[in-house]
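# Report on the structure
If you want the building blocks of each chain, they are given just below.
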Amino acid sequence: MKVAVLSFAHERATTYAQLLHDMPDVQLVVADPDGAPDDPARGRSTARRLGVTYMDSWDQLFALRPDAVVVTSEADRRRELVERATAVGAQVLCEHPLAADEADAEAMVRACEDAGVRLSMASPACFGPAFAAVRREIAEGEVLGGLTAVHGAYNRPYPAGTQDARAGALASNAPHLLDMVDAVLDGAPAEEVYAQSNSILGTEPGVESGALVTVRYAGGTVVSIDCSWGSADTGPTAGGPAMTFIGDRASVEFTAVPRLLGGFDSVTSSERWVTRGDDPYAVMLGEFIGGVRQGSGVGPDGVAGVRTLRITEAARASLRTGQPVELAVPQKVLP
Amino acid sequence: MRQLEIALIGAGLIARMHLEAWIGAGASVRVHSLDGRAADLADEFGAKAVDSLADALDGADAVDICSPTDTHRDIALAAIANGVAVVCEKPLAADVGEAEEIVDAAERAGVPVYPAHDIRFAPAFARLHELVDEGRLGAGTVARFTVAGYHPRPWSGHASAESGGILTDQMLHGVDIAYWLFGDVVRVHAHYQGEIAAPALEGTAAVGMAVLTHASGALSQIVSRWTPTPQPPIRVTYHVSGTGGTIVHDSEWPQEIQVSGGPAGTFGYYGESPFASEIREFAQALRGGPEPRLVSHDALAAVRITQAAARSAWTGRAVELPVKGAAA
């Protein structure tokens, strides 16, 4: 299977390329013709370092007719790349945000629908068997009863100098949590969004380092999430999201990357925090490639990506006004 | 040293805890209540019961108000008028106006008001504040607090959903800690779900969630729950972040004793009761010792913030609080 990683603009592109390169039966090809402003040769040098095939232009890359693409470009270039992918019938895995704005995101979803291409969002916490079990139990409702409230956090360490760092804590971390809620609520639209932020950590000038977002969904479930940058430690919400789903009968906590072993490491003079080792990105890519092979969609789809983008945009609006922002319901059904 | 004379008002669950703590702190206590239970409670602890509020206040160093919230104002004002110091179970009053009245009257009369927010004396929160106070958190950034527990009895009294329910009772603890750590609150947004109004059936579930924006820019998320069943037992967690790192706690972490395979839990051992530490600190202050860790304006701030949370949940809007007022 031919798989392409489109651009190294996002910091996780190299992780994806490495993981895909290591998969049997995957022929990986990468292109990064736009380069970085301060490093036009970024693509070629990164590809050489990873030992993967590099194409000098998008034309060359799409001429290879990849079976699947992973879109890790700048957000405002994602629409063009996804549209080109649909033209060759490639399945798409796209980083958050789906696009720079809602109009572009909707156009991308339509393009994929028209081409019969599955668009999946790169939201690793939504993949894997543990989250699937949580989702199934909540859907059945026997243990939890009706889902009334959800709270959770994703506090990964601040990734200095990256696209996510410049985008801020809200845009970078909220989608991972919101996609989980979207999956559990089976796509129920958000009705009201409230957000507050601060930049006390001083990570990036004028960009928030701390953010809390509260969302009320159609059906009444209320969700409160902390998407702040965390300290450079290994706490429970550093490696992946943790969420508590509260039903009227019981509640369930889901920890995406839980601690398995503790102890002390004399070499680094720090606490040991050892996880089971299921790399969430490897699990996600494995399911994505499996889905491409079987022709089935996995993970949050493009419509979910649009819903999540709407919420983060409403959260931005709420930050400006200091008040909750109402979203129109019913919302447009895509495409 | 002369023995402290305490007028304990009320004879319910909290009154019993306070009475035991006052006796432990070496005070002499007279108990007064309108529900006919004062004599039995007093007998049990070798205290005496008195028939009227006036008799209770006569010659007392302090009143300890453990009666229903809607009685706090009148009892506190009567004590202040007699120059008697006020210890008052949370919340200080049912609304901001009454709380302000008590605080203003006490300030004019030079009478101290010590609100009984026992959460500040629970070891996990007392140690948290010590660390923050020592500067080991740096500047506070974002904190999350959760409490989930079974309501100990059918919800008594009468309260409308508009009055806030869980947002003004259980959540006062989280609000008080957030305010203690991060200071004045300028904006509050909250939601509640489940049964809020009282009376409600035993086993009623409710969730309140609030976001507080502090004047410093720090943010607090508070989640309060009444769970529908007594098991699992009450669970308290927090995750507090600052420029100097994080401080986290989970009441499920084993402490000195943990029993498995039976309902005994900890053999009834929890260390010193927060009520005992709290009342001891108040007793020392009443004897001329250092000011306790919380005074009247802390109680007023907690009432203001929880009332703002109730209003936010009712109106669906974020509620702004004047900074100066919050610190008054």
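Here is what the cut-offs are and how they apply
Residues numbered from 1 in each chain as written. Chains lettered and ligands numbered in written order. Predicted model: local features only at pLDDT ≥ 70, side-chain atom pairs only at ≥ 80, totals over all residues. Helix = DSSP H or I, 4+ residues; strand = E, 2+ residues; numbered from the N terminus. Rg over C-alpha atoms; globule rule 2.2 N^0.38 Å. Buried ≥ 20, exposed ≤ 12 C-beta atoms within 10 Å, placed from the backbone. Contact = placed C-beta atoms within 7 Å. UniProt positions renumbered as here; feature names shortened; annotations may be inferred. Axes fitted to C-alpha atoms, helices over the stretch in contact; angles between N-to-C directions. Parallel < 35°, antiparallel > 145°, perpendicular 65-115°, else oblique. Nonpolar A, V, L, I, M, F, W, Y, C, P; charged D, E, K, R; others polar. Pairing = 2+ DSSP bridges. Right-handed = clockwise from strand over helix to strand, strands pointing away. Domains from an automatic or database assignment. Expected span 1.5 Å × (residues − 1).

This next bit is on the overall build of chain B. For chain B, the count of helices and strands is 10 helices and 15 strands. The C-alpha radius of gyration computed for chain B amounts to 19 Å, which stays within 12% of the reference 20 Å derived for 328 residues, consistent with globular compactness. With respect to the principal axes defined by its C-alpha atoms, chain B has extents near 55 × 50 × 40 Å. Every one of the 328 residues in chain B was classed for burial, and the buried ones make up 51%. Expressed as a percentage of contacts within chain B between residues at least 6 apart in sequence, the contacts between residues at least 24 apart total 70%.

Attention shifts here to the environment of Gly208(B). Residue and element names in this part refer to chain B. With respect to the element layout, Gly208 can be found in strand 11 (residues 206–214). For the pair Gly208 and Ile222, spaced 14 residues apart in sequence, the C-alpha separation works out to 7.9 Å. Those residues within four positions of Gly208 in sequence are excluded, and the remaining contacts are Ile166, Leu167, Met171, Ala190, Tyr192 and Ser224.

Within the UniProt annotation, "domain: Gfo/Idh/MocA-like oxidoreductase N-terminal" (unreviewed entry) is assigned to residues 39–121 of chain A. Taken as a whole, residues 39–121 of chain A contains 47% helix and 17% strand, while its terminal C-alpha atoms sit 28 Å from one another.

We now examine the packing of helix 5 (residues 96–109) of chain B against helix 9 (residues 296–315) of chain B. Residue and element names in this part refer to chain B. The geometry of helix 5 relative to helix 9 is characterised by a closest axis approach of 9 Å and an angle of 170° between their N-to-C directions. What the angle tells us is that helix 5 and helix 9 run roughly antiparallel. Of helix 9, the residues touching helix 5 (which contributes Val96, Ala99, Glu100, Val103 and Ala106) are Ser296, His297, Ala299, Leu300, Val303, Arg304 and Gln307. Broken down by class, the residue content of the contact of helix 5 with helix 9 amounts to seven nonpolar, three polar and two charged.

In sheet architecture, strand pairing relies on hydrogen bonds along the backbone and comes in two forms, parallel and antiparallel. All names here are of chain A. Strand order across the open sheet formed by seven strands is 12-11-7-10-9-8-17, with mixed pairing between neighbours. Unpaired on one side and paired on the other, strand 12 (251–255) and strand 17 (325–326) mark the two borders of the sheet. Of the pairings in the sheet, the one linking strand 8 (residues 190–198) to strand 9 (residues 210–217) comprises eight bridges and is antiparallel in character. What sits directly across from Glu192, in strand 9, is Arg216. Running over the sheet, helix 6 (residues 129–140) touches strand 7 (147–153), strand 11 (242–247) and strand 12 and is turned about 160° from strand 12. Helix 8 (residues 169–184) contacts strand 7, strand 8, strand 9, strand 10 (222–226) and strand 11 of the sheet and is inclined by roughly 30° relative to strand 9.

The next point concerns the sheet that holds strand 9 (residues 185–194) of chain B. All names here are of chain B. Ordered by their spatial adjacency, seven strands build an open sheet running 14-13-7-12-11-9-15, and the pairing between neighbours is mixed. Only two strands of the sheet have a single partner each, and these edge strands are strand 14 (245–250) and strand 15 (319–320). Looking at chain direction, strand 11 and strand 12 (residues 219–227) are connected through eight bridges and run antiparallel. Bridged to Met209 within strand 12 is Val223. Across the sheet, helix 7 (residues 171–182) lies against strand 7 (140–150), strand 9, strand 11, strand 12 and strand 13 (235–242), angled at about 160° from strand 7, the strand it touches most. Helix 9 rests against strand 9, strand 11 and strand 15 of the sheet, and its axis sits at about 55° to strand 9.

Right, let's talk about the pairing of strand 2 (residues 27–31) of chain A for a bit. All names here are of chain A. Within strand 2, four of the five residues are buried, which leaves the element mostly enclosed by the surrounding structure. Crossover strand 1 (residues 2–6) to strand 2 through helix 1 (residues 13–21) is right-handed. Bridge analysis of strand 2 against strand 3 (residues 53–55) gives three bridges, and the strand direction is parallel. From the neighbouring strand, Val30 faces strand 3, where its bridge partner is Tyr54. Where the polypeptide runs from strand 2 across helix 2 (residues 42–50) and back to strand 3, its parallel neighbour, the crossover connection is right-handed.

Right, let's talk about the domain arrangement of chain A for a bit. All names here are of chain A. What the domain assignment reports for chain A is domain 1 (2–117) and domain 2 (125–279 + 301–326). Computed from C-alpha coordinates alone, the two centres of domain 1 and domain 2 are separated by 25 Å. Taken together, the 13 residues of domain 1 in the interface contact 14 residues of domain 2. Residue contributions to the side of domain 1 that touches domain 2 peak at six residues, all from helix 5 (residues 102–115). Looking at side-chain class alone, the side of domain 1 that touches domain 2 contains eight nonpolar, two polar and three charged residues.

Turning our eyes to something else, we now look at helix 9 of chain B. Residues and elements named next belong to chain B. Here helix 9 contains 20 residues, and its C-alpha end-to-end distance of 28 Å stays within 8% of the 28 Å for a straight helix at 1.5 Å per residue. Across the 20 residues of helix 9, 16 count as buried, placing the element largely inside the fold. Positive phi appears at Gly316, one or two residues downstream of helix 9, with a value of about 80°.

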